[in-house]
Amino acid sequence: KPFDGSFRKLATELFGGTLQPLPADHEMYRLPRRLTYKPKLEALRLQGGQGRIAVLYCPFDLSRAWHRGGKGATRQLDAAANIYFYINKHSPIGSK
């Protein structure tokens, strides 16, 4: 809990605004794999009308399942792959 509160405060101080839950139909949950397990993800978007995600936050430890292995790890790795795919697809550097 202390990390969560500190992280939220820092994100607000650095970028303005607050973290908002991603909608359940967000493309991060669909591409490149449709996720049956949807981890709680929150985003803070850039100010100034750009609308791009500046901060993506998961209040739960996705990597814990990777270390344990098994079926839970596969779901978490699929979620991580979707996050990576989304970031690269929407990065201003990757789109040039």
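Structure shown above.
Worth saying up front: this structure is predicted, and the values here are computed from it rather than measured. (Residues numbered from 1 in each chain as written. Predicted model: local features only at pLDDT ≥ 70, side-chain atom pairs only at ≥ 80, totals over all residues. Heavy atoms only, no water.)

Caption draft 1: Representation of the environment of Lys 40 in the model. With respect to the secondary-structure elements, Lys 40 resides in the loop between strand S1 (20–21) and strand S2 (42–45). Among the residues examined, Lys 40 registers a relative accessible area of 41% and is labelled partly exposed. For the pair Lys 40 and Ile 53, spaced 13 residues apart in sequence, the C-alpha separation works out to 15 Å. Not counting residues within four places of it along the chain, the set of residues in contact with Lys 40 comprises Tyr 29, Tyr 57, Cys 58, Pro 59 and Phe 60. (Helix = DSSP H or I, 4+ residues; strand = E, 2+ residues; numbered from the N terminus. Buried < 20%, exposed > 50% of the residue type's maximum accessible area, 1.4 Å probe, protein only. Contact = heavy atoms within 4.5 Å.)

Caption draft 2: Spatial organisation of the packing of aromatic side chains. Enumeration according to the criterion identifies 2 aromatic pairs in this entry. Between Phe 7 and Tyr 57, the ring centres sit 4.5 Å apart and the planes meet at 15°, which makes this aromatic pair stacked. Of the two residues, Phe 7 sits in helix H1 (residues 2–15) while Tyr 57 sits in strand S3 (residues 53–57), which places them 50 residues apart along the sequence. The exposure class assigned to Tyr 57 is buried, which follows from its relative accessible area of 6%. Put simply, the rings of Phe 3, Phe 7 and Tyr 57 touch in pairs and so form one group of aromatic residues. Seen from the ring of Tyr 37, Arg 75 lies directly overhead, with NZ or CZ sitting 5.2 Å from the centre. (Phe/Tyr/Trp six-rings, centres within 6.5 Å; stacked < 30°, edge-to-face > 60°. Lys NZ or Arg CZ within 6 Å of the ring centre and 35° of its normal.)

Caption draft 3: Structural view of the nonpolar core. Counting 11 residues, the largest nonpolar core consists of Leu 22, Met 28, Tyr 29, Leu 35, Leu 41, Ala 43, Cys 58, Leu 62, Ala 79, Ile 83 and Tyr 86. Broken down by element, the residue count for this core peaks at 3 residues, all from helix H3 (residues 71–90). The residues touching Leu 22, leaving out its near neighbours within four places in the chain, are Met 28, Tyr 29, Leu 41, Glu 42, Ala 43, Ile 53 and Leu 56. In terms of nonpolar packing, the next biggest core, distinct from the first, is built from 5 residues, Ala 11, Leu 19, Leu 44 and Val 55 among them. (Core = buried A, V, L, I, M, F, W, Y, C linked by side-chain atoms within 4.5 Å.)

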